[in-house]
Amino acid sequence: MNEKLKEKISESLSSVMPITVIVLLLSVTLVPLENGTWTLFLCGAALLIVGMGFFQLGAEMAMTPLGQGVGGRLIKSRRIPVMLLAAFGMGVLITIAEPDLQVLANQVASIPNPVLIWTVAAGVGVFLAAAVLRILLHMSLARILLALYVFLFALSFFSPDAFTAVAFDSGGVTTGPMTVPFIMALGVGLSAARSDRDGATDSFGLVALCSVGPILTVLLLGIFYNPTDAAYTAAEIPAVVTTQDVLRVFAAALPHYAKEVAVSLLPIAGVFALFQLATRCYHRRQVLRMIVGFVYTIAGLILFLTGVNVGFAPVGSLLGSGLAGGAFKWLMAPIGAVIGYYIVKAEPAVQVLNKQVEDITGGTISRGMMNMALSAGVACAVALSMARVLTGFNIYWVLIPGYALALAMSRFVPAVFVGIAFDSGGVASGPMTSTFLLPLSMGACAAVGGNVVTDAFGVVALVALAPLIAIQVMGLVYARRAQAAPAPLPAAADEDTIVEIEEDFE
C-alpha cells in the first residue's frame, strides 16, 4: 500500500478510535446496544476510516495543486473582475463537494438538501471572492471580521430562530477536508506574487472569511424562504441478524451515495480539465498524479458518506436518545466534555496547526500548550452544547459573548495569530463533529422533548468558536513573552517560513 495512504488512514483511525472506545464503554454500561446495531456501527466506522484516508490523500494530490495553480494564474491575469468571478465559481464547486456539508444537509429535515447546499455554496463563493479582493487591496482582516460579525448578529435577529443555530453550524462544516486544502493553496498562490513583507501573512484569513459566507446566506434564507415543517424522526437502525444482512444494508446504500458524489465532483474535474487545456500549467506527471487524486477523492467520499449515514450517525443518535431518556441524563454534559476533549486531540489538522504555532513562535508556544488549550476549549464547548440540549437555553448566550471576546482580543494579538485563530475554527470542527456529535445531540434532544432545530443544532458552531479564543490566548502569551525576551514577531516571519507553514495547513 502507498505509504502516504497508510499515513492518512492511520490519521483517520486516530480520529475515530476514541469515539469507538467511548461508544463501547457506553454500550456496556448505560446504553446497551444490540449485537446487530454494534456490528453496523463498527462497519460504518471502518468505512469512515478508510474513506477519510483515501479522501484526504486525494484532496492533497488534486485540490492543493489545483488551488495553487488557479491562484498563481489569477494573479498573473491582473484583471480583477476575472479573478473575482473565478474565485466565486471555484468556491461554489468546491463547497458542493464538501462531505461535512452533505452530512449536515442530511440532518436538516426542514430544508431540502439541494436548497441548503447551494445556499451555503453561494455564500462561500461570494466570500472567497471577497477574501481574494482583501489580499489584493491589503485590507485588515481583524477590522473586516469585526464589521462582518456585528452585521451577522444584527441580521440574525430578523431571521427565524430555527435558522440561527443551523446557520452558524453551516459556517463550521464548510471549512472541511475538501475546502481547506484548496482555499489555503489558493491563498498561497495569490500571496506568492505579493512583493511586500506582509504578503504571506495576508494569505491567512481566507478560510475565516469563507466561514462567514454560509452564516450570512443561511440567515438570509431564513428571512426569504418558507421552510417546510418537516418532523424530525428518530434514526432507524436497520434490522440485521447475520453479517450478510450487514453487507446487504451497506451494499444497497452504495449506489445512492456514488451518484451523489459523481454529481458533486464531476464539475470540479471538468474545471481541472479546462484549466489544463487552457493554460498547460501542469506537466504530464503532475496531471497523472492529479487524476489519481481525483479517483482517490471520489472513492473515499463514497465510502465516507456510506459509512456515516448507514452505520455511524444513527448509532450516535441512538446513544443520545438512550442517555437523555434515562435516569442519568445529567451525565450528558460530562460525557460530551470527554468526547470533545478527545475529538480535537485526534483531529490530524489540529496537530498540524499546533506545529505551525510552535514554529512561528520559535517554541515559545509549544504544541503541548496548544493541545491543552484547544482540548480544554472544545471540551467546554461540547459540554455547553449538551447543557443546551437538556435545558434549551438560547445559543446567543454563548455565541454573542464568545465572538465579542474573540473580536476584542484580535485588537491586541499579533496579526498572524488572528488569521490562524479564525482559520482554525473550521479545522477543530472536523468530520467527527458533524458525523457523531450532531446526531448525538439530536437524539438526546428528541428524547427530552426539546426543539431539535433550536436546541440540538449549534454544536458545530460552538466547537468552531473555541479555537478563536484559545489560539488568541496563546497569541497574547507569546506577545508578552516576546516583550520580556525580544524575539521576531510572527507577522515579521520570513516569507519562506510562512509559505512552508501554509502548505502544511490542510
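**Thoughts on the overall build of the protein**
Of the regular secondary structure elements, the protein holds 21 helices and 0 strands. Residue pairs at least 24 apart in sequence account for 86% of intrachain contacts in the protein once pairs closer than 6 positions are excluded. Working note: accessible area of the protein is about 19,500 Å², and carbon and sulfur atoms make up 65% of it.

**A short note on the pattern of salt bridges**
In total, this model carries 5 salt bridges according to the counting rule given. A salt bridge links Glu7 to Lys4, with the nearest nitrogen and oxygen atoms 3.9 Å apart. Within this pair, Glu7 and its partner Lys4 are both found in helix H1 (residues 3-27), separated by 3 residues, close to a single helical turn. One salt bridge in this structure joins Lys8 and Glu60, with 2.9 Å as the shortest N-O distance. Here the residue Lys8 occupies a position in helix H1, and Glu60 occupies one in helix H2 (residues 35-77), the gap between them amounting to 52 residues. Note on accessibility: Lys8 and Glu60 belong to one class, buried.

**Description of empty space enclosed by the protein**
In this structure the tally under the stated criterion is 3 cavities of 30 Å³ or more. The space that makes up the largest cavity amounts to roughly 130 Å³. Around the largest cavity, the lining is made up of 15 residues, and of these Tyr149, Gly171, Ser211, Tyr403 and Ala464 lie nearest the centre. The set of elements that each furnish at least two residues to the lining of the largest cavity consists of helix H7 (161-173), helix H10 (206-224), helix H17 (415-428) and helix H20 (459-484). Here the lining of the largest cavity is composed, by residue class, of 9 nonpolar, 6 polar and no charged.

**Comments concerning the packing of aromatic side chains**
If you walk through the whole model with that rule in mind, you get 16 aromatic pairs. Through a chain of ring-to-ring contacts, three or more aromatic side chains come together here, namely Tyr149, Phe153, Phe168, Tyr403 and Phe422.

**Quick look at the environment of Leu30**
When you line up the elements, Leu30 lands in the loop between H1 and H2. For Leu30, a relative accessible area of 34% gives the class partly exposed. Distance from Leu30 to Leu319, taken between C-alpha atoms, is 9.2 Å for residues 289 residues apart in sequence. Apart from the residues lying within four places of it in its own chain, the contact partners of Leu30 are Leu323, Phe328, Leu331 and Ile335.

**Regarding unusual backbone geometry**
Even without being a glycine, Arg280 presents a positive backbone phi close to 50°. Following the sequence through the fold, Arg280 ends up in the loop between helix H11 (243-279) and helix H12 (284-324). Judged by relative accessible area, Arg280 falls into the exposed class, the value being 61%.

**Quick notes on the packing of helix H6 (residues 141-156) against H10**
Two packed helices can be described by the angle between their axes and the distance between those axes. Where H6 meets H10, the closest approach of the two axes is 10 Å, and the angle between their N-to-C directions is 20°. The angle between H6 and H10 falls in the class roughly parallel. In the packing of H6 onto H10, the handedness of the crossing is left-handed. Facing Leu141, Ile144, Leu145, Leu148, Tyr149, Phe151, Leu152, Leu155 and Ser156 of H6, the residues of H10 in contact are Ala208, Leu209, Val212, Ile215, Leu216, Leu219, Leu220 and Ile223. Counted by class, the contact of H6 with H10 contains 16 nonpolar, 1 polar and no charged residues.

**Remarks on the packing of H6 against helix H16 (residues 396-409)**
Two elements in contact, H6 and H16, have axes whose closest approach is 10 Å; the angle formed by their N-to-C orientations is 165°. Comparing their axes, H16 and H6 come out roughly antiparallel. At the point where H6 passes H16, the crossing takes the left-handed sense. Here H6 contributes Leu145, Leu146, Tyr149, Phe153 and Ser156 to the contact with H16, which in turn contributes Tyr396, Leu399, Ile400, Tyr403 and Leu407. Of the residues assigned to the contact of H6 with H16, the class counts are 9 nonpolar, 1 polar and no charged.

**Some words on the confidence of the model for the protein**
Summarising the model, the protein shows a mean pLDDT of 81, and 87% of its residues fall at 70 or more. Here helix H21 (residues 495-504) stands out as the least confident element of the protein, with mean pLDDT 44; H16 is the most confident, with 92. Here residues 489-506 is modelled with pLDDT under 50, and outside its nearest four sequence neighbours on either side it reaches 47 contacts, counting other chains as well.

**Some words on a nonpolar patch on the surface**
Together, Phe157, Phe158, Leu220, Ile223, Phe224 and Ile400 make up a nonpolar patch on the protein surface, roughly 650 Å² of accessible area in all. At 3 residues, the largest contribution of residues to the nonpolar patch is made by H10. Its place among the elements puts Phe157 in the loop between H6 and H7. Using a relative accessible area of 56% as the deciding quantity, one classes Phe157 as exposed.

**Overview of helix H3 (residues 80-96)**
Over its 17 residues, H3 runs 25 Å from end to end, which matches the ideal 24 Å to within 8%, given 1.5 Å per residue. Among the residues making up H3, those that are buried are Met83, Ala87, Met90, Gly91, Val92, Leu93, Ile94, Thr95 and Ile96.

**Some points on the side chain of Ser441**
Residue position: Ser441 is located in helix H18 (residues 431-448). On the accessibility criterion, Ser441 (0% relative accessible area) is buried. Ignoring any residue separated from it by four or fewer positions in sequence, one finds Ser441 in contact with Met386, Val389, Ala456 and Val459.

**Details of the environment of Pro32**
Structurally, the position occupied by Pro32 is in the loop between H1 and H2. Those residues within four positions of Pro32 in sequence are excluded, and the remaining contacts are Leu26 and Ser27.

**Details of the environment of Leu146**
Note on placement: Leu146 falls in helix H6. For the pair formed by Leu146 and Ala408, sequence separation is 262 residues and the distance between their alpha carbons is 8.6 Å.

How each quantity is defined
- Residues numbered from 1 in each chain as written.
- Predicted model: local features only at pLDDT ≥ 70, side-chain atom pairs only at ≥ 80, totals over all residues.
- Heavy atoms only, no water.
- Helix = DSSP H or I, 4+ residues; strand = E, 2+ residues; numbered from the N terminus.
- Contact = heavy atoms within 4.5 Å.
- Areas by Shrake-Rupley, 256 points an atom, 1.4 Å probe, with all protein chains shown as cover.
- Salt bridge = Lys/Arg side-chain N within 4 Å of Asp/Glu carboxyl O.
- Buried < 20%, exposed > 50% of the residue type's maximum accessible area, 1.4 Å probe, protein only.
- 1 Å grid on protein atoms, 1.4 Å probe; cavity = no way out; pocket = protein on both sides within 12 Å on 5 of 7 lines; lining within 4 Å.
- Points joined across faces, edges and corners; volume = space filled by probe spheres on them.
- Nonpolar A, V, L, I, M, F, W, Y, C, P; charged D, E, K, R; others polar.
- Phe/Tyr/Trp six-rings, centres within 6.5 Å; stacked < 30°, edge-to-face > 60°.
- Axes fitted to C-alpha atoms, helices over the stretch in contact; angles between N-to-C directions.
- Parallel < 35°, antiparallel > 145°, perpendicular 65-115°, else oblique.
- Left-handed = near helix turned anticlockwise from the far one by under 90°.
- pLDDT = per-residue confidence, 0-100.
- Patch = residues over 30% accessible without salt bridge, like charges linked within 9 Å, V, L, I, M, F, W, Y side chains within 5 Å.
- Expected span 1.5 Å × (residues − 1).

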